[in-house]
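Okay, here's what each chain looks like letter by letter:
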Amino acid sequence: MSTKAAITTQFIIETSAPIFNKYGYAATSLSTLTKVTGLTKGAIYGNFENKEDLAIKCFNYNIKRLFKALMTTVENIDSATGKLAAIIDFYRDYYNYSQRFGGCPIINVGVDSNNQNTALINHVRKTIKRFHRYIADIIDLGKKQGEIKKEIDTMEWSIRIDSMIQGATFMTTTMDDNRYVIDVMNQLDEIIKNELST
């Protein structure tokens, strides 16, 4: 981004993203955003269609940052089971990592926007499906490499793995206790070793 307007837009997104993520759409007021950004109402809304547009861009920014961190841990691993193990290791410390930007954006925005904001929940659902596809691609790679049993249902297992991850993350977040995530990640290690691997 080179123009002043583009730089301002990015600054607003980066500054507002943790606020929307932590407090939710309805509870994030314009006065809060003007306070944290140091900008006027006109300066903020001059760069976005409305509050919803800003909230969606903030969600996408948080997701992009999350996926970049996740994929960085996986990208240099050739083995499919090694990639799955790296994802599981990433989520072992995900609760602490996600606190930097207000918690897990998928869970926070998903719970906050469900039955409240159609546009936001649709973005969350697309993100979940994208993650399912990402895990499914790794499972399919494992089948081709001969590491993962060919007879297993790729998408069924992708959804199951993600459901266990998200469920454990929700419990750890709600209870403020990382033991839930640790226990489920240990179970996933055993599942990959004993049920998926050849």
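Keep in mind that what you see is a predicted model, and the values were worked out from it rather than measured.

**Re the overall build of the protein chain**
Part 1 of the reasoning: A tally of regular secondary structure across the protein chain gives 10 helices and 0 strands.
Part 2 of the reasoning: Overall, the protein chain shows an N-to-C arrangement of helices and strands of α-α-α-α-α-α-α-α-α-α.
Part 3 of the reasoning: Within the protein chain, the proportion of its 198 residues that are buried is 46%.
Part 4 of the reasoning: In the protein chain, the share of contacts with a sequence separation of at least 24, taken over all contacts with a separation of at least 6, comes to 65%.

**What about the pattern of salt bridges?**
Part 1 of the reasoning: Taken as a whole and judged by the stated rule, the model has 7 salt bridges.
Part 2 of the reasoning: Note that aspartate 53 and lysine 57 form a salt bridge whose closest N and O atoms lie 2.6 Å from each other. In this pair, aspartate 53 and lysine 57 are both assigned in helix H4 (residues 51–74), 4 residues apart and thus about one turn of the helix distant.
Part 3 of the reasoning: We note a salt bridge from aspartate 137 to arginine 133, for which the minimum N-O separation is 3.1 Å.

**Re the state of the cysteines**
Part 1 of the reasoning: Within this structure, the stated rule accounts for 0 disulfides.
Part 2 of the reasoning: For the unlinked cysteine cysteine 58, the closest cysteine sulfur is that of cysteine 104, found at 16 Å.

**Focus on the packing of aromatic side chains**
Part 1 of the reasoning: Following the criterion strictly, the structure yields 10 aromatic pairs and no others.
Part 2 of the reasoning: Taken together, a centroid distance of 5.9 Å and an interplanar angle of 40° make the contact between phenylalanine 90 and tyrosine 94 tilted.
Part 3 of the reasoning: Phenylalanine 90 gets classed as buried once you look at its relative accessible area, which sits at 12%.
Part 4 of the reasoning: Between the aromatic rings of tyrosine 97 and phenylalanine 101, the centroid separation amounts to 5.4 Å while the plane-to-plane angle is 80°, which identifies the pairing as edge-to-face. Here tyrosine 97 matches phenylalanine 101 in class, with each residue buried.

**A look at the packing of helix H1 (residues 4–23) against H4**
Two quantities define a packed helix pair, namely the angle between the helix axes and the distance between the axes.
Part 1 of the reasoning: At a minimum axis distance of 8 Å, the contact between H1 and H4 shows a crossing angle of 85°. Judged by the angle between their axes, H1 and H4 are roughly perpendicular. Between H1 and H4, the contacting residues are Gln10, Ile12, Ile13, Glu14, Ser16, Ala17, Phe20 and Asn21 on the first element and Lys51, Leu54, Ala55, Lys57, Cys58, Tyr61 and Asn62 on the second.
Part 2 of the reasoning: Across the contact of H1 with H4, the residue classes break down as 8 nonpolar, 4 polar and 3 charged.

**With respect to a nonpolar patch on the surface**
Part 1 of the reasoning: A grouping of Val111, Phe170, Met171, Met175 and Tyr180 is seen on the molecular surface, where their side chains present a nonpolar patch of about 440 Å² in accessible area.
Part 2 of the reasoning: It is helix H9 (residues 154–175) that provides the largest number of residues to the nonpolar patch, a total of 3 residues.

**Comments concerning helix H10 (residues 179–196)**
Part 1 of the reasoning: The end-to-end C-alpha distance of H10, which contains 18 residues, comes to 24 Å, matching closely the 26 Å that a straight helix rising 1.5 Å per residue would cover.
Part 2 of the reasoning: Taken together, the buried positions of H10 are Val181, Val184, Met185, Leu188, Ile191, Ile192 and Leu196.
Part 3 of the reasoning: Residues of H10 that are buried make contact with helix H5 (80–92) and H9.

**So, the nonpolar core**
Part 1 of the reasoning: If you look at the biggest cluster of nonpolar residues, it comprises 55 residues, and the most contacted ones within it are Leu54, Leu66, Ile87, Tyr91, Phe131, Met185 and Leu188.
Part 2 of the reasoning: Top contributing element to this core by residue count: H4, with 10 residues.
Part 3 of the reasoning: Leucine 66 has contacts with Phe90, Tyr94, Tyr97, Pro105 and Ile106, leaving out every residue within four places of it along the chain.

**Looking at helix H2 (residues 30–37)**
Part 1 of the reasoning: Taken as a whole, H2 has its buried residues at Leu30, Leu33 and Thr37. Around the axis of H2, the buried residues are gathered within 60° of arc, so they sit on the same side. Facing away from the buried side of H2 by over 90 degrees, the exposed positions are Ser31 and Lys35.
Part 2 of the reasoning: Next to the buried residues of H2 lie H1, helix H3 (41–45) and H4.
Part 3 of the reasoning: Directly beyond the C-terminal end of H2, a positive phi value near 75° is found at glycine 38.

**A look at the side chain of serine 158**
Part 1 of the reasoning: Tracing the backbone through its elements, the reader meets serine 158 in helix H9.
Part 2 of the reasoning: Overall, serine 158 belongs to the buried group, its relative accessible area being 0%.
Part 3 of the reasoning: The contacts of serine 158, once residues within four sequence positions are left out, are Phe131, His132, Ile135, Ala136 and Ile139.

The rules behind these values
- Residues numbered from 1 in each chain as written.
- Predicted model: local features only at pLDDT ≥ 70, side-chain atom pairs only at ≥ 80, totals over all residues.
- Heavy atoms only, no water.
- Helix = DSSP H or I, 4+ residues; strand = E, 2+ residues; numbered from the N terminus.
- Buried < 20%, exposed > 50% of the residue type's maximum accessible area, 1.4 Å probe, protein only.
- Contact = heavy atoms within 4.5 Å.
- Salt bridge = Lys/Arg side-chain N within 4 Å of Asp/Glu carboxyl O.
- Disulfide = S-S within 2.5 Å.
- Phe/Tyr/Trp six-rings, centres within 6.5 Å; stacked < 30°, edge-to-face > 60°.
- Axes fitted to C-alpha atoms, helices over the stretch in contact; angles between N-to-C directions.
- Parallel < 35°, antiparallel > 145°, perpendicular 65-115°, else oblique.
- Nonpolar A, V, L, I, M, F, W, Y, C, P; charged D, E, K, R; others polar.
- Patch = residues over 30% accessible without salt bridge, like charges linked within 9 Å, V, L, I, M, F, W, Y side chains within 5 Å.
- Areas by Shrake-Rupley, 256 points an atom, 1.4 Å probe, with all protein chains shown as cover.
- Expected span 1.5 Å × (residues − 1).
- Core = buried A, V, L, I, M, F, W, Y, C linked by side-chain atoms within 4.5 Å.
- Arc of directions from axis to C-beta.

The analysis is restricted to geometry; functional conclusions fall outside its scope.
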